[in-house]
Amino acid sequence: MAFRLFNTMSSRVEEFRPLIGKEVRMYACGPTVYDYGHIGNFRTFIAVDLLRRFLRQSGYKIRHVMNITDVDDKIIRNAARDGVSVQQYTAKYEKAFLEDAAMIDIEQPTLVRATEHIPEMAEFVTRLVERDIAYRTEDGSYYFRIAKFPQYGKLSKKDFSGMVDGARVDVDEYEKDSARDFALWKAPKPGEASWDSPIGPGRPGWHLECSVMSMKELGESFDLHAGGEDLVFPHHENEIAQSESLTGKPFAHFWFHARFLLVEGEKMSKSLGNFFTLRDLVLKGHKPSSLRYLLTSVPYRNQLNFTFDGLKQAAVSVERLRNFRLRLASGAFPAGTSSEMQSLARETADRMRAALEDDLNTAQAQAAIFEMIRRANAAFDSGAIRKDDIPPLLAVLGKFDEIFAVLHDDDAPRMKQVLEWAKAEGRDKDVTEKLQEAVQSGQLSDADIEKKVGEMEAARRARNFKVSDTLRTELVTAGIVVENTKDGVRWRRK
RNA sequence: GGCGCGGUACCCAAGUGGUAAGGGAGAGGUCUGCAAAACCUUUAUGCGUCGGUUCGAUUCCGACCCGCGCCUCCA
């Protein structure tokens, strides 16, 4: 079977194959670091993370580059408002973004920053000007001449051939030759932060950095370029125009776009009051793993409706996955193998792979793993599962987790970081009781828990239920659930 | 207006030209000192509405209704 992926350029699902060998060169548009990342941002970044993880699981080497947009109008404005430098301003939000990404197990790509590529961008513009593809306006800005790129619109399927110039032109843009021409380099307005460069002082236009940095890191043609669906036009269209008109070569082979999410059925917006950052959710007491699971449970090209009910459901689903693994890891089994369990493991691995190969159908991959869990649990209960069935079942679970990354329980310490951040930011009032409780379960060390659980078990065996119940209550209060099974006792953090 | 996507049970959500995955929630049951976990049974003659094609459509075609996205540097 081959990996089939939707390509925005062709508007269809195509077989994905790297241009060269077994190495995938991919570029993802990263955040503009002017504020904390919201759940919509993370839906996109998680989709890319899933893609990256699946490609690696499929045996590819990955060169994954992501930009940090650390200069744009909003950043310049906000930094000035706060009376700090652009660098100080963006450093804070870049750090926050990386912390958040790590919190939901997004693997970190190679990062490149716009402000660290000013000379390369100036050179790129110079080369465009030499070919008359770009031009300088009176104020010192540079624009891309769309008339020089007849294929403009091929990604977003827009037809600009009938466009008539000049009917209405924005006041700020009166110097442009054509209304559609876009800025490559913006001259500074009085008092604005700017960078010196061979093409004069100013700041890069947004699209330029991605063309320059992607080609620098990955070559003039590379395998895949990713981002949110809103980037199709104009951002990616403009990148293509700049890059291909300069190199004469196809820019990215595949274009990967994640669909926007809705919040409670509506577009997320600050005015509707349904705008949430990752930290907002954690402050409310939701686990990072719940969000990761929820965001992976709907295939990336479908609209995902984020709801708090859905987030709770996701949390329960993750619990089920974790409980199953705990059961596999801690149970006692008779020696030997069962052919049924062996084939169950094989079939599940195949189903999972087939689902993900089908344009990353995560919903089906999850259905496959839950089917396995139900059947294996039934085998547990009937005693049909054998000792040598455990490794293959665990291996399938491991494969699943290489992609979904929710089994490892690091929620409590991660939530604690958010708690500490909130205190440091003076946002104590936003810390909910639920968060406090969730952080609780990370307070006791494994050794402390083992000790208490041991005492509780001893009391239970002595049928001293009063003592054992007291210990159980203490543990529950500390966020630890103790489960007594016929194979012995086991515990987990709530 | 142009281009595109979607409407599947109480909720979330896959999917197929031949009769509806999975998760959550609910109900009943098994197990159990308590608790937890788990299993079993159960919950859409139905897949926005109306037509059409077909032996047969939720799946194809058409119309309509509703929701959503892009078309102004918002992932």
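Predicted model only: the values in this text are computed from it and were never measured. (Residues numbered from 1 in each chain as written. Chains lettered and ligands numbered in written order. Predicted model: local features only at pLDDT ≥ 70, side-chain atom pairs only at ≥ 80, totals over all residues. Heavy atoms only, no water.)

### Observations concerning the pairing of strand 2 (residues 12-15)
Bridging between strand 1 (residues 4-7) and strand 2 involves 4 bridges; their strand directions are antiparallel. Across the sheet, residue R4 finds its bridge partner in strand 2, namely E15. A loop of 4 residues connects strand 1 with strand 2, the two strands running antiparallel in sequence, and S11 in this loop sits at a positive phi of about 60 degrees. (Pairing = 2+ DSSP bridges. Helix = DSSP H or I, 4+ residues; strand = E, 2+ residues; numbered from the N terminus.)

### Re the pattern of salt bridges
Scanning the model with the defined rule gives 47 salt bridges in all. In this structure, the salt-bridge partner of E107 is R56, at a minimum N-O distance of 2.8 Å. Here E107, found in the loop between helix 3 (86-103) and strand 5 (110-113), pairs with R56, found in helix 1 (residues 39-57); they are 51 residues apart in sequence, far enough to count as distant. Of the charged contacts, one joins K452 and E474 as a salt bridge, the two residues approaching to 2.9 Å between their closest N and O atoms. (Salt bridge = Lys/Arg side-chain N within 4 Å of Asp/Glu carboxyl O.)

### Quick word on the domain arrangement of chain A
Examined at the domain level, chain A breaks down into domain 1 (18-258), domain 2 (266-404) and domain 3 (441-493). Relative placement of domain 1 and domain 3: their C-alpha centres are 54 Å apart. (Domains from an automatic or database assignment.)

### Concerning the sheet that holds strand 13 (residues 266-267)
Taken in spatial order, the 3 strands line up as 13-12-14 in an open sheet, and their pairing is mixed. Across the chains shown, the open sheet's two edge strands, defined by having one partner strand only, are strand 13 and strand 14 (304-306). Packed onto the sheet, helix 1 meets strand 12 (261-263) and strand 14 and runs at close to 150 degrees relative to strand 12. (Contact = heavy atoms within 4.5 Å. Axes fitted to C-alpha atoms, helices over the stretch in contact; angles between N-to-C directions.)

### Describing the protein's contact with RNA strand B
Surrounding RNA strand B, one finds 55 residues, the nearest of these being K186, G228, N302, Q313 and S317. Considering the 4 Å shell around the protein, atoms of RNA strand B inside it are sugar or phosphate in 62% of instances. In this structure, a sugar or linking oxygen belonging to RNA strand B sits 2.7 Å away from a side-chain N or O atom of D381. The element best represented in the surface near RNA strand B is helix 11 (residues 362-382), accounting for 9 residues. Tallied by class, the residues present in the surface near RNA strand B amount to 18 nonpolar, 17 polar and 20 charged. (Near = heavy atom within 4 Å. Polar contact = N/O pair within 3.5 Å; in protein donor to acceptor, adjacent residues only side chain to side chain. Nonpolar A, V, L, I, M, F, W, Y, C, P; charged D, E, K, R; others polar.)

### Examining the sheet that holds strand 4 (residues 61-68)
What links the strands of a sheet is backbone hydrogen bonding, and the strands pair in either a parallel or an antiparallel sense. Within the open sheet, the 5 strands sit side by side as 5-4-3-10-11. Their pairing is parallel. Bordering the open sheet on either side are strand 5 and strand 11 (252-258), each of which pairs with just one other strand. Going across the sheet, the axis of each strand differs from the next one's by a mean of 25 degrees, ignoring polarity. Each of strand 3 (23-28), strand 4, strand 5 and strand 10 (222-228) is contacted by helix 5 (residues 206-218), which is oriented at about 150 degrees to strand 4, the strand it contacts most. Strand contacts of helix 6 (residues 232-247): strand 10 and strand 11, with the helix running at about 155 degrees to strand 10, the strand carrying the most contacts.

### Considerations on the state of the cysteines
Under the defined criterion, the tally for this structure stands at 0 disulfides. The thiol of C29 is unpaired, and the distance to the nearest cysteine sulfur, on C210, comes to 3.8 Å. Judged by its relative accessible area of 0%, C210 is buried. (Disulfide = S-S within 2.5 Å. Buried < 20%, exposed > 50% of the residue type's maximum accessible area, 1.4 Å probe, protein only.)

### Topic: the nonpolar core
Counting residues in each nonpolar core, the largest one holds 139 residues, and the members touching the most others are L5, F256 and F306. Tallying contributions element by element places helix 1 first for this core, with 10 residues. Composition of this core by domain shows at least three residues from each of domain 1 (18-258) and domain 2 (266-404). Setting aside its immediate chain neighbours within four residues, F256 contacts L5, T8, A47, V48, L51, L224, H225, A226, G227, Y300 and L360. (Core = buried A, V, L, I, M, F, W, Y, C linked by side-chain atoms within 4.5 Å.)

### Considering the packing of aromatic side chains
The geometry of an aromatic ring pair comes down to the distance between the two centres and the angle between the two planes. Enumeration according to the criterion identifies 20 aromatic pairs in this entry. Between F16 and F254 the ring centres are 5.1 Å apart and the planes differ by 65 degrees, which places this aromatic pair in the edge-to-face class. Note that F16 is positioned in the loop between strand 2 and strand 3 and F254 in strand 11, a separation of 238 residues in sequence. Using a relative accessible area of 2% as the deciding quantity, one classes F16 as buried. (Phe/Tyr/Trp six-rings, centres within 6.5 Å; stacked < 30°, edge-to-face > 60°.)

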